[in-house]
Amino acid sequence: VNRRASEASVRQALVRGDVVHVATHGILNVRNPMFSRIELARESKNGSSDDDGRLEVHELLELSIASPLVFLSGCETGVGAAGWTQFAKGEDYATLAQAFLYAGADNVVATLWRIDDEGAARFAEHFYRRLGSRNATTALAEAQREMMQDPDYGAPYYWAAYRLTGSGALP
């Protein structure tokens, strides 16, 4: 949370096998998708590249992630640069979400477009309330259906951006 959400603390949680929820800015680098990133607190004052507050795709690929679920509540965490490459949309493999999966995460919830902070918080509440007794796939679908009924957040913009990649099963 806040300043404690550094690269080091997120890396530790991922390696320990915790469910990891990251609510921060996601940055898509269309010129070099390996440098797409999530923005975190900068812990290092000496300019160490290991904790510069930018957890990038190429860094994720070096980890051995044991997390059963990573929830990336940030803009465009599930899309890559397909619009600027020979890949068709959805077939680009250098996304933040794919990097977490390649590094070992069992499931990743990521977004397909820029999201609203308040809507994202509401969506996460619905998702986690359902996750306790259901698998991640069912929890996601039920959270989306519940958001559809919300008078403030019923528009697809607020709930349709979330996509689960992985088996959906949690230990």
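As a reminder, the structure under discussion sits directly above these lines.
So, a few notes on the structure that sits alongside this text. In this text the structure is predicted, and so the values were computed from the model without any measurement.

**What about the overall build of the protein?**
So, step 1. Tallying secondary structure elements over the protein gives six helices and seven strands in all.
So, step 2. Mapped in sequence order, the helices and strands of the protein form the string α-β-β-β-β-α-β-α-β-α-α-α-β.
So, step 3. Within the protein, the proportion of its 171 residues that are buried is 46%.
So, step 4. Residue pairs at least 24 apart in sequence account for 69% of intrachain contacts in the protein once pairs closer than 6 positions are excluded.
So, step 5. A total accessible area of about 8900 Å² is found for the protein, and carbon and sulfur atoms account for 49% of it.

**Quick look at the environment of Leu63**
So, step 1. Relative to the helices and strands, Leu63 resides in the loop between α2 (57-60) and β5 (70-73).
So, step 2. Taking the C-alpha atoms as reference, Leu63 lies 9.6 Å from Ala99; in sequence the two are 36 residues apart.
So, step 3. In this structure, Leu63 is in contact with Arg11, Leu14 and Ala103, ignoring residues within four places of it in sequence.

**Points about the pairing of β5**
So, step 1. Alternating positions in β5 separate into two faces, Val70 and Leu72 on one and Phe71 and Ser73 on the other, with burial throughout.
So, step 2. With two bridges connecting them, β5 and strand β6 (residues 107-111) associate as parallel partners. Residue Phe71 lies in a different strand from β6, and its bridge partner there is Val109.

**Details of the layout of surface pockets**
So, step 1. Looking at the largest pocket, its volume works out to about 400 Å³.
So, step 2. Together, 17 residues line the largest pocket, and Val1, Asn2, Ala5, His21 and Ala23 are the ones closest to its centre.
So, step 3. Only α1 (7-16) and β1 (20-23) provide two or more residues apiece to the lining of the largest pocket.
So, step 4. Of the residues belonging to the lining of the largest pocket, the class tally is ten nonpolar, five polar and two charged.

**Some remarks on the sheet that holds strand β4 (residues 54-56)**
So, step 1. Strand order in this open sheet of three strands is β2-β3-β4, and the pairing throughout is antiparallel. Pairing within the sheet leaves two strands with one partner each, and these edge strands are β2 (26-27) and β4.
So, step 2. Of the pairings in the sheet, the one linking β2 to strand β3 (residues 37-39) comprises two bridges and is antiparallel in character. If you follow Ile27 over to β3, its bridge partner there is Arg37.

**Some details on a nonpolar patch on the surface**
So, step 1. A surface patch of nonpolar side chains, amounting to about 360 Å² of accessible area, comprises Met34, Phe35, Leu61 and Tyr102.
So, step 2. Tracing the sequence through the fold places Leu61 in the loop between α2 and β5.
So, step 3. Accessibility expressed as a relative area gives 37% for Leu61, which makes it partly exposed.

**So, empty space enclosed by the protein**
So, step 1. Per the counting criterion, the structure on display carries one cavity of 30 Å³ or more.
So, step 2. In this model, the largest cavity occupies a volume close to 30 Å³.
So, step 3. Considering the residues around the largest cavity, the lining is formed by Ile115, Asp116, Gly119, Ala120, Tyr157, Tyr158 and Tyr162.
So, step 4. Secondary-structure elements contributing two or more residues to the lining of the largest cavity are α4 (117-131) and α6 (156-159).

Criteria and cut-off values
Residues numbered from 1 in each chain as written. Predicted model: local features only at pLDDT ≥ 70, side-chain atom pairs only at ≥ 80, totals over all residues. Heavy atoms only, no water. Helix = DSSP H or I, 4+ residues; strand = E, 2+ residues; numbered from the N terminus. Buried < 20%, exposed > 50% of the residue type's maximum accessible area, 1.4 Å probe, protein only. Contact = heavy atoms within 4.5 Å. Areas by Shrake-Rupley, 256 points an atom, 1.4 Å probe, with all protein chains shown as cover. Pairing = 2+ DSSP bridges. 1 Å grid on protein atoms, 1.4 Å probe; cavity = no way out; pocket = protein on both sides within 12 Å on 5 of 7 lines; lining within 4 Å. Points joined across faces, edges and corners; volume = space filled by probe spheres on them. Nonpolar A, V, L, I, M, F, W, Y, C, P; charged D, E, K, R; others polar. Patch = residues over 30% accessible without salt bridge, like charges linked within 9 Å, V, L, I, M, F, W, Y side chains within 5 Å. Salt bridge = Lys/Arg side-chain N within 4 Å of Asp/Glu carboxyl O.

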